[in-house]
Amino acid sequence: MDTELNRTAATGDKPWTVSSLTRYITGVLETDRALRHVWLQGEISNLRQYGSGHVYFDLKDSQAAIHCVMWRSSAQWLQWQPRNGDMALTHGRISVYAPQGAYQLVVDQLRPAGVGDLHAQFEALRDRLKAEGLFDAGRKRPLPPFPRVLGIVTSRQAAALRDVLNVLHRRYPLARVLLSPCLVQGDQAPAQIVAAIRRLDARDDVDVILLVRGGGSIEDLWAFNDEGVARAIVACRRPVVTGVGHETDFTIADFVADVRAPTPSAAAELVVRDQADLRHHLAACDQRLQEALRRRLDRARHALDAEERHLHRQSPTTRIETARQQVDDLTRRMAQSLAHSVALQRSHVAGMQARLAALSPLATLERGYAIVRRHDDGSLVRSVAQVTAGDRLAVQVHDGTFDVQVETKNDRTL
Amino acid sequence: MTELSELSFEEAYSQLERTVQRLEQGDLALQQAIETYEWGVRLARHCAALLDTAELQVEELLAGPAAVD
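Scoring rules and cut-offs
- Residues numbered from 1 in each chain as written.
- Chains lettered and ligands numbered in written order.
- Predicted model: local features only at pLDDT ≥ 70, side-chain atom pairs only at ≥ 80, totals over all residues.
- Helix = DSSP H or I, 4+ residues; strand = E, 2+ residues; numbered from the N terminus.
- Buried ≥ 20, exposed ≤ 12 C-beta atoms within 10 Å, placed from the backbone.
- Pairing = 2+ DSSP bridges.
- Axes fitted to C-alpha atoms, helices over the stretch in contact; angles between N-to-C directions.
- Expected span 1.5 Å × (residues − 1).
- Contact = placed C-beta atoms within 7 Å.
- Right-handed = clockwise from strand over helix to strand, strands pointing away.
- Nonpolar A, V, L, I, M, F, W, Y, C, P; charged D, E, K, R; others polar.

Visitor: Give me the lowdown on the overall build of chain B, citing residues and values where you can.
Guide: A count of helices and strands for chain B gives two helices and one strand. Every one of the 69 residues in chain B was classed for burial, and the buried ones make up 22%.

So this is what it looks like as structure tokens:
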């Protein structure tokens with residue numbers, strides 16, 4: 001045995017302890033969804049009832065048996081005294097009894113099979129009403145967006161009522177609540193629920209009706225599987241919202257209601273909008289108003305600017321200014337061209353004067369030349385041949401004349 | 001225009017939504033746009049004030065003697 005242990009330990013395959021394997025099996029069985037809600041029908045055998053109030057028995061058929069236990073908390077409500085050999089219908093969940101290594105059904109409902117089979121009744125009524133079209137989606141009425149008066153059908157003491165009022169108070173305090181009290185459990189409950197619905201529906205101010213009840217066993221919720229209740233909901237002039245039991249509980253009332261909520265609180269949440277959302281939306285509206293007005297004002301301002309620019313272009317002042325500028329411009333150009341022409345004339349005259357001066361003999365005389373004329377006839381002497389000794393000549397220099405007499409002549413230039 | 005104080009939350013709320021849309025269309029004359037804006041702001045304030053002052057009213061309908069549990 002030691003070697004076996006060492007071998008398994010060496011491979012890391014540690015052996016379970018009995019407790020740990022039992023815990024593991026317990027976990028597997030008790031977390032399986034199918035095994036948590038079990039309807040089981042079979043023959044009762046080995047029935048034991050002890051002073052503790054707990055009831056033990058087996059349910060068997062021809063080939064198998066399952067241990068069952070019904071704790072006092074459930075067994076105390078038993079309206080039927082089971083005996084060995086009776087066919088019974090039970091509801092419960094599978095659990096593990098570790099000290100004996102046994103699995104068992106922990107029963108919360110036990111009744112004779114066949115007669116008064118609630119589940120079968122439920123299915124029969126459900127199928128019948130469904131065939132009548134009472135579950136059709138097209139029959140369902142929309143909920144008013146802002147109900148002012150909410151009718152609530154439930155028990156005055158119900159925790160469900162407190163839950164609903166808390167939700168309404170928190171989410172939508174604008175509402176007015178009319179409680180139409182009734183029993184929600186027991187033989188008289190269906191008739192009271194019907195009456196409570198009708199009392200609300202007879203009024204003209206009710207916008208929507210909530211039919212609610214907290215969680216409980218299937219018997220606790222049985223009034224909501226009543227045909228009369230279902231037909232009262234169908235006949236109601238106002239939309240009806242149900243919130244019965246827990247999320248997993250479905251009743252006939254849920255099927256015919258206009259809206260089915262999983263719980264009473266959820267029903268309240270479905271019928272009113274949350275004031276936090278409403279306030280958020282109000283703030284958003286405010287923002288949008290500001291934005292829209294700003295855009296409108298911007299547009300008006302731009303249009304005004306455009307008009308102003310247009311007007312400015314049409315203004316006589318502008319035209320006068322333009323004309324004035326044109327006059328100035330012309331005046332300036334005129335003065336410019338006049339000055340130009342005077343200067344041109346002046347330089348022209350100066351040029352001619354210069355040319356005149358260059359052609360005058362006086363300028364040559366200034367440089368030291370002289371003009372010689374014969375005294376007798378005033379003719380210019382250009383050549384030696386024109387004079388003879390003794391001739392009298394007049395010599396003109398730049399600042400006057402004087403007379404001379406020719407003494408000799410040479411016919412060669414210097 | 002209607003007296004603001006006479007409007008229920010629902011009426012004021014839906015009028016506010018219409019007012020916002022009207023102004024956002026942008027085709028109002030300037031004076032009308034300003035009036036629409038002011039009306040919208042008053043509607044929003046009215047709605048908020050109704051929420052601020054609201055207290056859930058709970059009444060019980062008188063039932064038959066059997067309706068006791």
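Visitor: So what about the sheet that holds strand β8 (residues 208-213) of chain A? Which residues, and what values?
Guide: Judged by pairing direction, the sheet is parallel, and its six strands sit side by side in the order β10(A)-β9(A)-β8(A)-β6(A)-β7(A)-β1(B) without closing on themselves. With one partner strand each, in any of the chains shown, β10 (259-261) of chain A together with β1 (57-60) of chain B form the two edges of the open sheet. With strand direction ignored, the average angle separating the axes of adjacent strands in the sheet is 20°. For strand β9 (residues 240-244) of chain A and β10 of chain A, the ladder comprises three bridges, and the chain directions are parallel. When the sheet's bridge partners are listed, G243 of chain A is paired in β10 of chain A with A261 of chain A.

Visitor: Please set out helix α7 (residues 189-201) of chain A residue by residue, giving values where relevant.
Guide: Residue and element names in this part refer to chain A. When the terminal C-alpha atoms of α7 are compared, their 18 Å separation across 13 residues agrees well with the 18 Å that a helix rising 1.5 Å per residue should span. For α7, the full list of buried residues reads A189, P190, Q192, I193, V194, A196, I197, R199 and L200. Along its buried surface, α7 packs onto β6 (149-154), β7 (176-181), β8 and α8 (227-235).

Visitor: Lay out the pairing of β6 of chain A with the relevant residues and their values.
Guide: All names here are of chain A. The buried count for β6 comes to six of six residues, which makes it a mostly enclosed element. Along β6, one buried face is formed by V149, G151 and V153 and the opposite face, lined by L150, I152 and T154, is buried too. By the bridge criterion, six bridges tie β6 to β7 in an arrangement that is parallel. Bridged to T154 within β7 is P181. In this view, the connection linking β6 to its parallel neighbour β7 by way of helix α6 (residues 159-171) has right-handed handedness. Examined bridge by bridge, β6 and β8 share four bridges and lie parallel to one another. The residue bridging G151 from the neighbouring strand is I209, located in β8.

Visitor: Requested: an account of the environment of I94 of chain A, with residues and values cited.
Guide: All names here are of chain A. Assignment of secondary structure puts I94 in strand β4 (residues 87-97). Through-space distance from the C-alpha of I94 to that of H37 is 8.3 Å; in sequence the pair is 57 residues apart. Not counting residues up to four positions away in its chain, the partners in contact with I94 are L29, E30, L35, V38, Y103 and L105.

Visitor: Go over the interface of chain A and chain B with me, naming the residues and quoting the values.
Guide: The interface is formed by 35 residues belonging to chain A together with 32 residues belonging to chain B. Counting only elements with at least two residues in the side of chain A that touches chain B, the list comes to α6, β7, α7 and α11 (275-314) of chain A. Sort the elements by how many residues they give to the side of chain A that touches chain B and α11 of chain A lands first, with 13 residues. Split by residue class, the side of chain A that touches chain B holds 21 nonpolar, seven polar and seven charged. Two strands pair when backbone bridges link them, and β7 of chain A and β1 of chain B are joined in this way by four bridges, in the parallel orientation. Within β1 of chain B, the residue paired with L178 of chain A across the bridge is E59 of chain B.

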